[in-house]
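# Observations on the three-dimensional arrangement
Spelled out, the chains give:
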Amino acid sequence: MSTSIIDREPTDLEAAEDRAAPPALRVPADVRLRVDPDDFERLCSLNRDLRLELKADGTLIVMTPASSESSEQNAELTAQLRNWNKAAKLGAVFDSSGGFTLPDGSVLAPDASWILRDRWRGLDPEARRGFARIVPDFIAELRSASDSLPKAREKMRDYLAQGVRLGWLIDPKTRTVEIYRSGRDVETLTNPATLSGEDVLPGFTLDLAGILHDEV
């Protein structure tokens, strides 16, 4: 049975006793831990080496680090989005470590995301320092070999339900992309060379070399 490890903050007594490493809580994969939003922020601050998300019902999601290959693909995706935005100056780009508090109370961190400049700047500066209560206009999720496809699709539907306007579920293994748009059926592309940002990311075209395809 697979497990996840969550280190807890030591008590004053434990810290005083020979500075031993704090005990670890091993959680079976079929056990669901639930925390409230305030505790979630504290948990994240103490476990910066873990990727954590929070579902709307308070279920804690612990994700393993990305594989080297997935990390490279994700870096390419984010870099292209950032380069376009740097020239277009239309919004703010976020990588996979950027978490957002959505209207249903969930805290999710897409692999790449983008928010329109006026919406992002409209937030109080203090609000930007935590898990900002704002829904990205665009998100992309890069499916790794270990990710469950049904769960990945469920997550994409959750994003749309919370107000995301455009989402891409990119699957390098099958070389497919599922495009999620508000109020429309999901569109599946097989082996595309590029993706259009449409009216959400005007003028942006994602080159899938290095993501779905080997670079030449």
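Residues numbered from 1 in each chain as written. Predicted model: local features only at pLDDT ≥ 70, side-chain atom pairs only at ≥ 80, totals over all residues. Heavy atoms only, no water.

### Section: the sheet that holds strand β10 (residues 166–171)
Which entries qualify depends on this criterion: Whether two strands pair depends on DSSP finding at least two bridges between them. Secondary structure elements follow DSSP: runs of H or I no shorter than four residues count as helices, runs of E no shorter than two count as strands, and numbering proceeds from the N terminus. Here an angle of 0 to 180 degrees is reported between the N-to-C directions of two axes, which are lines fitted to C-alpha atoms, with helices fitted over the stretch in contact.
Strand order in this open sheet of six strands is β5-β8-β9-β10-β11-β12, and the pairing throughout is mixed. The open sheet has two free edges, formed respectively by β5 (91–94) and β12 (187–190), since each of these has just one partner strand. Neighbour to neighbour, the strand axes of the sheet diverge by 15° on average, direction disregarded. Here strand β9 (residues 138–142) pairs with β10 via five bridges, running parallel. Following the sheet pairing, I139 is matched in β10 by G167.

### Quick notes on the confidence of the model for the protein chain
Note the threshold: Summary of the metric used: pLDDT quantifies the predictor's per-residue confidence within the range 0 to 100. We call two residues in contact whenever any of their non-hydrogen atoms come within 4.5 Å of each other.
Across the protein chain, pLDDT averages 83, with 81% of residues at or above 70. Across residues 13–23, where pLDDT falls below 50, the model places seven contacts with residues more than four positions away in sequence or in other chains.

### So, the nonpolar core
Across soluble globular proteins, you tend to see nonpolar side chains buried next to one another. To keep things clear, this is the line we draw: By convention a nonpolar core is built from buried Ala, Val, Leu, Ile, Met, Phe, Trp, Tyr and Cys residues, the set being connected through side-chain atoms within 4.5 Å. Using a 1.4 Å probe on the protein chains alone, a residue whose accessible area is under 20% of its type maximum counts as buried, one over 50% counts as exposed, and one in between counts as partly exposed.
In terms of nonpolar packing, the biggest core is built from 21 residues, with F138, W168, I170 and L206 touching the most fellow members. Elements represented by at least two residues in this core include exactly α3 (68–88), β8 (112–116), β9, β10 and β11 (176–181). If near-sequence neighbours (up to four positions away) are discounted, I170 is found in contact with E141, L142, R143, T176, V177, L195, L206, I211 and L212. Listed in part, the 18 residues of the second largest apolar core include F100, A132, V135 and A152.

### Brief notes about the packing of aromatic side chains
What counts, and what does not: Centres within 6.5 Å make a pair out of two Phe, Tyr or Trp rings, where for Trp the six-membered ring is used; the pair is then stacked when the planes are under 30 degrees apart, edge-to-face when over 60, and tilted otherwise.
Summed over all chains, the structure comprises six aromatic pairs. When the ring of F94 is compared with that of W120, the centres are 5.0 Å apart and the planes differ by 75°; the resulting orientation is edge-to-face. Of the two residues, F94 sits in strand β5 while W120 sits in helix α4 (residues 117–121), which places them 26 residues apart along the sequence. A relative accessible area of 15% places F94 in the buried class. Their ring planes at 75° and their centres at 4.8 Å tell us that F138 and W168 sit as a pair that is edge-to-face. In this pair, F138 is assigned in strand β9 and W168 in strand β10, connecting sequence segments 30 residues apart. Per residue, the accessibility class of F138 equals that of W168, and both read buried. Each member of the aromatic cluster is reached from another via a ring pair, and the members are W84, W114, F138, W168 and F204.

### A few points about the pairing of β8
In terms of burial, β8 is a largely internal element, four of the five residues being buried. For β5 and β8, the ladder comprises four bridges, and the chain directions are antiparallel. In the strand pairing of β8, V93 is matched with W114. Note: β8 against β9, three bridges, orientation antiparallel. Counted as the bridge partner of S113 is I139 from β9.

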